[in-house]
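Per-entry structural report
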Amino acid sequence: MSARPGRSNTILDIAGLKVGNAQDRRVRTGVTVVLPDAPCMAGVDVRGGAPGTCEIDLLDPMNTVDAVHALVLSGGSAFGLDGMGAIRARLATRKIGFEIKDAVVPIVPGAVLFDLVNGGDKDWGEDPPFRRLALEALERAGAPLELGSVGAGAGAVAGTVAGGLGSASAVCPVTGCTVAALIAVNSVGEPGFPDDRTFYAWYLEQDGELGGQTPPEGPVSLALRGKIGAVAGANTTIGVVATDAKLTKAQARRMAVMAHDGLAVSIRPIHTPFDGDTIFALATARRDLAVTAEALTRLGALAADCTARAVARGVLAAGRLGSTPSWRERAAGGDVG
């Protein structure tokens, strides 16, 4: 019996999680906020050579803090790190956070991608828009989840086509646990074969979610495409995998590690010196069962599959970004900019 997608085939299938998106079309950037109903266990794994992150070290299993209160994915490169501070401050006013005597400190990790040279108006002076966008995304948490050119994927580029925000889910037939991924794709590498019609993750498609993929025809070229030779740090694919299982901090880290394999089968090349690829893992513990090493292996494998599917779904749903064509345009043989 194979794993099938959850009801919405998005990260919203994980009980206890909400997602909010906000974007600025003029600036061509955006922010995505993942908001748990209650503090939840988290892990992270960074594989790219040029990451931009916030509160990563505290997620190491050897360190003290064992729960997070929100998670932020943002455009804007280092400017996007402002969004984590905005969410932290807003949650503190709601008395949501790590309590130390009379103080409340929300734990809000996050990661950023580079979308500063996509043609949007970045002349913001001393007032970057990311605090505003983060707070807008927080207020929208709980709304239906859109995919494509929204949130952290609003200004993204995947190789030579528009990138975007994608999501996918699966229900483990053995444990009954649900696993899902939410990925903002802004990679150096391409998401598909040189035929411009077939995603690298074509074989993982569920219920026509990728438009009805078929194997690529003829010999497959191994030549590297995409933005090879790009400026270091000017890309990055970031995201989160989540489950309703009850994981330890070390188990959450392992699920994040395994999820990176989903990037490896859906984007080529990946984890380059020019990317800051980072994946978080969240566990809401809504299903209270002991997660053995065997069960964790199953959940990690599904996390990788969901990550690969989310990459393709995000690119498929994205629209043209200025002179950068969408996947659908390229597949239809349209203008390539």
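Please refer to the structure higher up on the page.
Now for a look at the structure at hand.

Basis of the calculations
Residues numbered from 1 in each chain as written. Predicted model: local features only at pLDDT ≥ 70, side-chain atom pairs only at ≥ 80, totals over all residues. Heavy atoms only, no water. Buried < 20%, exposed > 50% of the residue type's maximum accessible area, 1.4 Å probe, protein only. Helix = DSSP H or I, 4+ residues; strand = E, 2+ residues; numbered from the N terminus. Pairing = 2+ DSSP bridges. Patch = residues over 30% accessible without salt bridge, like charges linked within 9 Å, V, L, I, M, F, W, Y side chains within 5 Å. Areas by Shrake-Rupley, 256 points an atom, 1.4 Å probe, with all protein chains shown as cover. Salt bridge = Lys/Arg side-chain N within 4 Å of Asp/Glu carboxyl O. Core = buried A, V, L, I, M, F, W, Y, C linked by side-chain atoms within 4.5 Å. Contact = heavy atoms within 4.5 Å.

**Regarding the pairing of strand β5 (residues 71-74)**
Of the two faces of β5, the one carrying L71 and L73 and the one carrying V72 and S74 are both buried. Across four bridges, the pairing between strand β2 (residues 29-36) and β5 is antiparallel. In the strand pairing of β5, V34 is matched with L71. In the sheet, β5 pairs with strand β8 (residues 110-112) via three bridges, with the strands oriented parallel. What sits directly across from L73, in β8, is A111.

**Comments concerning the pairing of strand β3 (residues 41-46)**
Taken across its six residues, β3 has five buried, putting it largely inside the fold. Sheet analysis places β3 next to strand β14 (residues 278-287), joined by six bridges and oriented antiparallel. Looking at the pairing, V44 lines up with F280 of β14.

**What to know about a nonpolar patch on the surface**
A surface patch of nonpolar side chains, about 240 Å² in accessible area, is lined by F98, I100 and V105. Mapping I100 onto the fold places it in strand β6 (residues 98-100). For I100, a relative accessible area of 47% gives the class partly exposed.

**Some details on the nonpolar core**
Ranked by internal contacts, the top residues of the largest apolar core, which has 40 residues, are V241, L247 and L299. Among the secondary structure elements, those contributing two or more residues to this core are β11 (164-171), β12 (178-185), β13 (238-245), α3 (249-264), β14 and α4 (293-317). No other element matches α4, which puts eleven residues into this core. Those residues in contact with L299 that lie beyond four places of it in its chain are C172, T175, C177, V179, T243, A245, L247, M255 and V291. By size, the runner-up hydrophobic cluster in this structure holds 30 residues, among which are I11, L17, L71 and F280.

**Some thoughts on the sheet that holds β2**
Pairing in this open sheet of five strands is mixed, and the strands run β1-β2-β5-β8-β4 from one edge to the other. Since the sheet does not close on itself, it has two edges, and those belong to β1 (17-24) and β4 (53-54), each with one partner. One ladder, built from two bridges, connects β4 with β8; its direction is antiparallel. Across the sheet, C54 pairs through a bridge with G110, a residue of β8.

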